[in-house]
Amino acid sequence: MDEQALLGLNPNADSDFRQRALAYFEQLKISPDAWQVCAEALAQRTYSDDHIKFFCFQVLEHQVKYKYSELTTVQQQLIRETLISWLQAQMLSLQAEKTFIRNKAAQVFALLFVTEYLTKWPKFFFDILSVVDLNPRGVDLYLRILMAIDSELVDRDVVHTSEEARRNTLIKDTMREQCIPNLVESWYQILQNYQYTNSEVTCQCLEVVGAYVSWIDLSLIANDRFINMLLGHMSIEVLREEACDCLFEIVNKGMDPVDKMKLVESLCQVLQTAGFFSIDQEEDVDFLARFSKLVNGMGQSLIVSWTKLIKSGDMKNAQEALQAIETKVALMLQLLIHEDDDISSNIIGFCYDYLHILKQLTVLSDQQKANVEAIMLAVMKKLTYDEEYNFENEGEDEAMFVEYRKQLKLLLDRLAQVSPELLLASVRRVFSSTLQNWQTTRFMEVEVAIRLLYMLAEALPVSHGAHFSGDVSKASALQDMMRTLVTSGVSSYQHTSVTLEFFETVVRYEKFFTVEPQHIPNVLMAFLDQRGLRHSSAKVRSRTAYLFSRFVKSLNKQMNPFIEDILNRIQDLLALSPPENGYQSLLSSDDQLFIYETAGVLIVNSEYPADRKQALMRNLLTPLMEKFKILLEKLMLAQDEERQASLADCLNHAVGFASRTSKAFSNKQTVKQCGCSEVYLDCLQTFLPALSCPLQKDVLRSGVRTFLHRMIICLEEEVLPFIPSASEHMLKDCEAKDLQEFIPLINQITAKFKIQVSPFLQQMFMPLLRAIFEVLLRPAEENDQSAALEKQMLRRSYFAFLQTVTGSGMSEVIANQGAENVEQVLVTIIQGAVDYPDPIAQKTCFIILSKLVELWGGKDGPVGFADFVYKHIVPACFLAPLKQTFDLADAQTVLALSECAVTLKTIHLKRGPECVQYLQQEYLPSLQVAPEIIQEFCQALQQPDAKVFKNYLKVFFQRAKP
């Protein structure tokens, strides 16, 4: 072996050596006999360096995994012998190998096992057991090999081919027949031998039992001698967590419902007698988390048994199962309320399913009602934040608590289904008592009280947020709580979590303010002052900006008296903060978008006359336009790239803010009614010069493009005079991404204005195409994935453009481009349909071809088009689906085939019997299609029902492909 290269295996080696070692590994993988050198090195223990041993196992692993079938029988025998002699050496060695080497060796053994067990090495386990016997080092390796085999055979995370899945099933069946009882016996011996002397090996063995129990005969494990030993392990501190997990796997195994019930009950009896149900005596939270998972498994197993027994009509046993479930509820509640969230979280499944049973019962006993109430109190208590929660810098622990809260929310929703009245009454009690004394109550209790009110909205669902009509008792309870919320002064509580919960809840129940509009001014003030948009926390300000816009939009009818006051108060929040003045604005530009949208909504939905609305809109947008002009001049002069970028960002924000105000308008009608067309036309004239700025093109173009999209909706044909020059600027020296984003703008204009923009389209058609082709023909690195993807997306955009033009009845735009250009365009459509394996683009191409045939394919179509149909379009309909890359099992491809069928039907419709004759006598015979199939094809094509032909075409190509 290349000793120099091996030096690079050491993690501390320098990068040159490491590169050399990697190259050497690749070289050995390809070499036909390098594995023998590695095998010999392992068998004879040539190297003491751990990294080299690991490396040798990697080379062997590669050989077994990918090139095993190339070896001779003698060579395969050599690999088996190498591994066995390595294993024997481990028994005698003074020092055990490092864990990572043992794990890698176990993987190689497992790979060899799945390859050879059914054919060459049926005595695999016998051979290994005869080597390891009960030697602790050998047992350790034997158990690691078993775990590696289990993950090869049954690990759900490993993706297997159908061939491997079949092989794995066969291996498991054979193992069940031939060796599982012996393996189980070996596990028993290992556990008995080492339970008091070697906890590591015992835990490993328990893990193996837990893994295999899911697919072997349960009676081999679920019997007195095994279960008693496992229960014994539950009392040994170093073993009990693994023993718990092992019992969990046994309980989880699918079996007859009555047998399962007996198994669980006998386990519970022993565990209870041994004192495991006294949770408060136990201080080890890691163990309790596992125990909670076990109780959860037992509870859910009993519920599955109950469900099956009810289904089968066995009421006697079902009643027994329910009895068994009820006796576990007290334990479940103790675990649910435990202060450690992991312990609590592990029992939620049982709790949820138990409530589901109660939901199905017609009458609840007093005890069951008490259980529901206890679960409810537990959920309310556990929803509460603890002291350690870091609101300013949320890390992993905080994220876990947020996830845990989501689980509790599901429980709360389920409680609402079992007993909505009880839930409402409990929340009301907690809410009222907390808000009465909010000034002296800790933040987490105030937050959870408001949170519960918020959660009721989803737990007690109504349509369209109508919580304050319908059921009188419910409506009045919610109304009382909302009134308390907005009049108690709790919005001034000095903690971000309470403040945010207040605003979230106010917006969630906005319909309350249509019933009691007198509270609107107070809530608006909270939004606008230090409690909301001017809060000291950026997180609160940001969320409030979004919630404020939702509040105003949903209550726009009630906003009229406050509009001018609100606009005055938010004036400073609308300021565009240019990069140079170092002024740190209260809101980020994303937050400001919501404030601009809110301002637009207030103005547009007000009851002011049009001239007043226009004046207000001018006041809102003029500062943006003025700032824009100044900043654009500065950008043109800026030298430093960083400064250019920050100026361009600022310009882009200005355009974005103006765009966002227009969201208040639904169409041109509303813009006209408000007299705002002129203001937006001024904006357009202000913003368009940015397109000719040579600096920071990407940022500026993207902002202006978005603005144009909005203006096409708001101003309609008033935009048209601006489009030609804007397009000309946007097509100058552009990249794939620019074009891809520009084309939707042209599509929007084409689809909206159709014939009105025909002259413009005819004029810019070829310049646009040339720009597209120029980008598509640029050479790119062979394996540059992102360039290939950009081109694919651009190709799709190009075909989408042609589809829009033809679909809007504007085929003359293409026809008037001169014969040579028309032909070039048609050829690209054929290429798109056939040559590129992209079903989305292919589908679009066939739609375009169908449309062109429909428009030009008749007797009076353009000269030469009929020839083109037979020479190119008909062949495309066959060549595309016959390609290997055209996968008929893929949904997008089937849609492309469906459009291909439409194309053929359209050709038949336009050309009649001539098309059938061409297919029968010329084209299909040239593809060597059998005469009877040709006959069948032409009959299907002539069927009046298009669906019949679509279905036939799929079958036709399925038969035609090997």
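Note that residues are indexed from 1 along each chain, following the sequence as it is written. Where local features are concerned, this predicted model is filtered to residues with pLDDT of at least 70; where side-chain atom pairs are given and counted, the filter is 80 or more; whole-chain, interface and lining totals use all residues. Think of the side-chain values as coming from all heavy atoms in the structure, minus any hydrogens and water.

Along the chain, the regular secondary structure elements total 46 helices and zero strands. Scored against the burial criterion, the 962 residues of the chain give a buried share of 52%. Relative to all contacts within the chain whose residues are 6 or more apart in sequence, the contacts with residues 24 or more apart total 72%. Per-residue and other accessible areas follow the Shrake-Rupley method at a 1.4 Å probe size, with only the shown protein chains counted as cover for residues. Of the roughly 44400 Å² of accessible surface on the chain, a fraction of 51% belongs to carbon and sulfur atoms. In this charge count, Lys and Arg are treated as positive and Asp and Glu as negative; neither His nor the chain ends contribute. For this purpose, a charge sits on NZ of Lys, CZ of Arg, CG of Asp or CD of Glu. In the chain, the 93 positive side-chain charges and the 121 negative ones have mean positions that sit 6 Å from each other. Numbering of helices and strands runs from the N terminus; a helix is a DSSP stretch of H or I covering at least four residues, while a strand is a stretch of E covering at least two. Burial classes: relative accessible area under 20% of the type maximum marks a residue as buried, over 50% as exposed, and values in between as partly exposed (1.4 Å probe, protein chains only). Note on contacts: a residue pair qualifies if any of its non-hydrogen atoms lie within 4.5 Å across the two residues.

Throughout this description, the term salt bridge denotes a Lys or Arg side-chain nitrogen within 4 Å of a carboxyl oxygen of Asp or Glu. One pass over the structure, following the stated rule, counts 48 salt bridges. The partner of Arg240 in a salt bridge is Asp284, with the nearest N and O atoms 3.5 Å apart. In this pair, Arg240 sits in helix 13 (residues 240–252) while Asp284 sits in the loop between helix 14 (257–273) and helix 15 (285–312), placing the two residues 44 residues apart along the sequence. For Arg240, a relative accessible area of 10% gives the class buried. Taking the shortest distance from any N to any O, the salt bridge between Lys737 and Glu741 comes out at 3.3 Å. Here Glu741 and Lys737 lie together in helix 36 (residues 736–753), a separation of four residues that amounts to about one turn. Owing to a relative accessible area of 45%, Lys737 belongs among the partly exposed residues under this scheme.

With that out of the way, let us pick up the packing of aromatic side chains. Two rings from Phe, Tyr or Trp (for Trp, the six-membered ring) form a pair when their centres sit within 6.5 Å of each other. Planes less than 30 degrees apart are called stacked, planes more than 60 degrees apart edge-to-face, and all others tilted. According to the stated counting rule, one finds 52 aromatic pairs in the structure shown. When the ring of Phe124 is compared with that of Phe125, the centres are 5.2 Å apart and the planes differ by 90°; the resulting orientation is edge-to-face. Like Phe125, Phe124 is buried. Where Phe878 meets Tyr923, the ring centres are 5.4 Å apart and the plane angle is 50°; that geometry is what we call tilted. Here Tyr923 lies in helix 44 (residues 913–926) and Phe878 lies in helix 42 (residues 865–882), a separation of 45 residues in the sequence. Each member of the pair Phe878 and Tyr923 is classed as buried. By the ring-pair criterion, three or more aromatic residues cluster together here, those being Phe468, Phe502, Phe503, Tyr509, Phe512, Phe513, Phe527, Phe548 and Phe551. Above the plane of the ring of Trp215 lies Lys172, whose end atom (NZ or CZ) is 5.9 Å from the centre. A positively charged side chain is recorded as over a ring if its NZ (Lys) or CZ (Arg) lies within 6 Å of the ring centre. The angle to the ring normal must also be within 35 degrees. The ring of Tyr454 carries Arg508 above its face, with NZ or CZ at 4.1 Å from the centroid.

Note: domain ranges come from an automatic or database domain assignment. One can read the domain layout of the chain as domain 1 (263–386 + 395–418) and domain 2 (818–961). One C-alpha centre belongs to domain 1, the other to domain 2, and the line joining them spans 62 Å.

Before going further, it helps to examine the UniProt feature "domain: Importin N-terminal" (unreviewed entry) in the chain. UniProt positions are given in the numbering used here, feature names are shortened, and annotations may be inferred rather than shown by experiment. What UniProt calls "domain: Importin N-terminal" (unreviewed entry) maps, in this numbering, to residues 21–89. Between the end C-alpha atoms of residues 21–89 the distance is 27 Å, and the span holds 78% helix and 0% strand.

Okay, unusual backbone geometry next. A positive phi angle is found at Arg45, which is not glycine, with a value near 50°. By the secondary structure assignment, Arg45 is in the loop between helix 3 (34–43) and helix 4 (50–66). Phi at Gln696 takes a positive value of approximately 50°, unusual for a residue other than glycine. Within the element layout of this structure, Gln696 appears in the loop between helix 33 (677–687) and helix 34 (697–715).

It is worth spelling out the packing of helix 6 (residues 99–116) against helix 8 (residues 136–154) at this point. Note on geometry: axes are C-alpha line fits, over the in-contact stretch for helices, and angles between N-to-C directions span 0 to 180 degrees. Put simply, helix 6 and helix 8 touch, their axes get as near as 8 Å, and they point 55° apart. Here helix 6 is positioned oblique relative to helix 8, judged by the angle of their axes. In this structure, the crossing between helix 6 and helix 8 has a hand that is right-handed. In this structure, helix 6 uses Thr99, Arg102, Asn103, Ala106, Gln107, Phe109, Ala110, Leu111, Phe113 and Val114 to contact helix 8, whose residues at the interface are Asp140, Leu141, Arg144, Ile145, Ala148, Ile149, Glu152 and Leu153. For the contact of helix 6 with helix 8, the per-class residue count stands at 11 nonpolar, three polar and four charged. For this classification, under 35 degrees means roughly parallel, over 145 means roughly antiparallel, 65 to 115 means roughly perpendicular, and everything else is oblique. The hand of a helix crossing depends on one turn: near helix anticlockwise from the far one by less than a right angle means left-handed, and clockwise means right-handed. We call Asp, Glu, Lys and Arg charged. Ala, Val, Leu, Ile, Met, Phe, Trp, Tyr, Cys and Pro are nonpolar, and the rest, Gly among them, are polar.

Bringing helix 12 (residues 224–233) into the picture now. Among all positions of helix 12, only Phe226, Ile227, Met229, Leu230, Leu231 and His233 are buried. Where helix 12 is buried, its residues meet helix 10 (180–194), helix 11 (199–212), helix 13 and helix 14.

Sulfur atoms of two cysteines make up a disulfide when they are within 2.5 Å. For the structure shown, the criterion picks out zero disulfides. Cysteine Cys205 shares no disulfide, and the gap to the nearest cysteine sulfur, in Cys246, comes to 8.5 Å. Between Cys915, a cysteine without a disulfide, and Cys938, which holds the nearest cysteine sulfur, the sulfur-to-sulfur distance is 7.8 Å. Classification of Cys915 by relative accessible area gives buried; the value is 3%.

With that out of the way, let us pick up the nonpolar core. The term nonpolar core refers to a set of buried residues drawn from Ala, Val, Leu, Ile, Met, Phe, Trp, Tyr and Cys, joined through side-chain atoms within 4.5 Å. Within the largest apolar cluster, 346 residues are counted, with the highest numbers of intra-cluster contacts made by Met175, Trp187, Phe291 and Phe878. There are two domains that each give this core at least three residues, and those are domain 1 (263–386 + 395–418) and domain 2 (818–961). Excluding anything up to four places from it in sequence, Trp187 contacts Tyr142, Leu146, Cys205, Val208, Val209, Tyr212, Ile216, Ile221 and Phe226.

This part covers the environment of Leu879. The residue Leu879 is located in helix 42 in this model. In this structure Leu879 comes out as partly exposed when scored by relative accessible area, which is 40%. For the pair formed by Leu879 and Phe126, sequence separation is 753 residues and the distance between their alpha carbons is 58 Å. Apart from the residues within four sequence positions on either side, Leu879 is in contact with Val834 and Tyr923.

Moving on, we come to the packing of helix 2 (residues 15–30) against helix 4. It is the contact of helix 2 with helix 4, at a shortest axis distance of 9 Å, that shows an interaxial angle of 35°. For the element pair helix 2 and helix 4, the recorded crossing hand is right-handed. Between helix 2, through Tyr24, Phe25, Leu28 and Lys29, and helix 4, the contact on the second element is made entirely by Phe55, Gln58, Val59 and His62. Counted by class, the contact of helix 2 with helix 4 contains five nonpolar, two polar and one charged residues.

Attention now moves to the side chain of Gln842. The topology assignment puts Gln842 in helix 41 (residues 839–856). Residue classification places Gln842 among the buried positions, given a relative accessible area of 5%. Any pair of N or O atoms that falls within 3.5 Å is considered a polar contact. Within protein, one atom must be able to donate a hydrogen and the other to accept it, and sequence-neighbouring residues count only if both atoms are side-chain atoms. Here Ala833 takes part through its backbone oxygen, which lies 3.0 Å from a polar atom of the side chain of Gln842. Apart from residues lying up to four places away in sequence, Gln842 is in contact with Gly832, Ala833, Val834, Tyr836, Pro837, Ala880, Phe886 and Ala896.

Under the convention used throughout, the expected extent of a helix is 1.5 Å for every residue step, that is, one less than its residue count. The first and last C-alpha atoms of helix 15 sit 40 Å apart over 28 residues, in line with the 40 Å expected at 1.5 Å per residue. Here helix 15 starts with a cap whose side-chain oxygen sits 3.1 Å from the backbone nitrogen of Asp286, and that cap is Asp284. Once helix 15 finishes, Gly313 follows within two positions and takes phi at roughly 80°, a positive value.

This part covers the side chain of Ser662. As for its position among the elements, Ser662 is in the loop between helix 31 (641–661) and helix 32 (668–673). Owing to a relative accessible area of 0%, Ser662 belongs among the buried residues under this scheme. In this view, Ser662 contacts Tyr680, Arg710, Met711 and Cys714; residues no more than four positions away in its chain are not counted.

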